[in-house]
Amino acid sequence: MCALVDYATSNGCNEERRKVTYFSLEFEEKNRPVKILGATVNWSAMPNYSEANHSEKEQNDGWADISDHSNLMTAKGQGGWTFANLVARFGDISWRYSDQHGEMMSLNTYAKYITTPEGQSDDSPLGIYDSQFGDDDPTRTLLNEYTVPKCFSRDLFELECGSDTDGDETTEEEPRPPYRWILIGPERSGTGLHVDPLWTNAWVTVLQGRKRWLLFPPHTPHESIGMIEGQTQIPSSIWFADYYEKVTSTSWPAEYKPIEILQCHGETVFVPAGWPHLVLNLELTVAVTHNYASEFGPFKRMCEDVVEEEPEFAVRWYAGLKKNGRDDLASCLPYTKKGC
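Residues numbered from 1 in each chain as written. Predicted model: local features only at pLDDT ≥ 70, side-chain atom pairs only at ≥ 80, totals over all residues. Heavy atoms only, no water.

*Asks:* Whenever I open this one, the nonpolar core confuses me. Can you help?
*Replies:* Nonpolar side chains in soluble globular proteins tend to end up buried together. Trp81, Phe83, Leu86, Leu107 and Ile184 are the most contacted members of the largest nonpolar core, which totals 38 residues. Every element with two or more residues in this core is listed here: β1 (3-6), α1 (22-28), β2 (34-37), α3 (83-90), α4 (107-115), β6 (180-185), β8 (201-208) and β13 (285-292). Considering every element that reaches this core, the biggest residue donor is α4, with five residues. Those residues in contact with Leu107, other than ones at most four positions away along the chain, are Phe83, Leu86, Val87, Phe90, Gly91, Ile93, Trp95, Ile128 and Ile184. In this structure, Met302, Cys303, Val306 and Leu321 belong to the second largest nonpolar core, which totals 19 residues. (Core = buried A, V, L, I, M, F, W, Y, C linked by side-chain atoms within 4.5 Å. Buried < 20%, exposed > 50% of the residue type's maximum accessible area, 1.4 Å probe, protein only. Helix = DSSP H or I, 4+ residues; strand = E, 2+ residues; numbered from the N terminus. Contact = heavy atoms within 4.5 Å.)

Below is the structure:
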């Protein structure tokens, strides 16, 4: 069962970031998934659902049938980051629908795709996965419409050499690894089973729609759940058809039992480092997500992955940690270079 935290009332979720909080010790340090309520209260990105027909409790009572009719352009919510509003604001702007290959299409074109017979009949429709939204005008304004919930500890990747003490980039030549995405997709789209890069934590907030999650403990054998090295990632809609019954059966080992989450609009899911997980959109969904490096949890394992996967960034990060007085953390990286 997934833990639940109310952001508005929890004394562990209203602290200044960079302090040790209840959340840091209970969830980041213990590497536990959790669903957070109320983190979007002051976000202009959050649509207005005052006219919604279902309460939050009603939305959480059971799973939606993924064969139900799509809400598409008439989905609930007004203003904020509803899909219809994003199309109205940025319809002519091209967005990435694959971080791996860099393909792009305009939101106007994407809206046509998901409303055509092809988009509505695809087993796994295309989704928008744009890690560069907000880097340039006109989408830069979106970065001012939400904030990172303060319950999360500071993103230590902000301390790379080349960033100032507030984490703002001071050079465009050596960017940090991708860490924020806007996610848009219709029902049956989603993200296949994977582990987030560099053993970072992640948080995902839904602005519109609903997501169905399965998260597996880090020690789960990857081959047993369809994560086979060298093979193509299985789309989440197909994975649920092929594997869900197996991993939820009484014969499935208890130590590998997945955590299931139904995430509705306005809710945030914390994904701890190293947890294999997949996500299925149950209806047209818009979400924002950040990956971040925390000093709590499996920090040394994260350092190993950074050195192996991002060696140039690792050198800059080491220098940044030293520059900001975090020699205790820099010592986990096998570098002795000084400065940038």
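After that view of the structure, there is still more to cover.
*Asks:* Help me out: how do you make sense of the pattern of salt bridges in this one?
*Replies:* Side chains bearing opposite charge may pair, as long as their charged atoms lie close to each other. Evaluation of the coordinates by the stated rule reveals 15 salt bridges. The partner of Arg96 in a salt bridge is Asp130, and the shortest N-O contact between them spans 3.8 Å. Taken together, the residues span a long stretch of sequence, with Arg96 in strand β3 (residues 94-96) and Asp130 in strand β5 (residues 128-130) at a distance of 34 residues. Here Arg96 and Asp130 have matching classes, each one buried. (Salt bridge = Lys/Arg side-chain N within 4 Å of Asp/Glu carboxyl O.)

*Asks:* Could you clarify how one ought to interpret the state of the cysteines in this entry?
*Replies:* Here, disulfide denotes a covalent bond that connects the sulfur atoms of two cysteines. For the coordinates displayed, the defined rule picks out zero disulfides. Here Cys303 stays unpaired: no disulfide links it, and the sulfur of Cys332, its closest cysteine neighbor, is 4.9 Å away. (Disulfide = S-S within 2.5 Å.)

*Asks:* Looking at this model, I keep getting lost on the sheet that holds β8. Mind explaining?
*Replies:* Each strand in a sheet pairs with its neighbour through backbone hydrogen bonds, running either in the same direction (parallel) or in the opposite one (antiparallel). The sheet built from seven strands is open, its strands ordered β1-β2-β11-β8-β13-β6-β5 with mixed pairing. Since the sheet does not close on itself, it has two edges, and those belong to β1 and β5, each with one partner. Neighbour to neighbour, the strand axes of the sheet diverge by 20° on average, direction disregarded. The pairing of β5 with β6 spans three bridges and is classified as antiparallel. Along β6, the bridge assignment pairs Asp130 with Ile182. Packing of α3 onto the sheet brings it into contact with β6, β8 and β13, and relative to β6 it is tilted by some 110°. (Pairing = 2+ DSSP bridges. Axes fitted to C-alpha atoms, helices over the stretch in contact; angles between N-to-C directions.)

What is shown is where atoms sit, not what they do.
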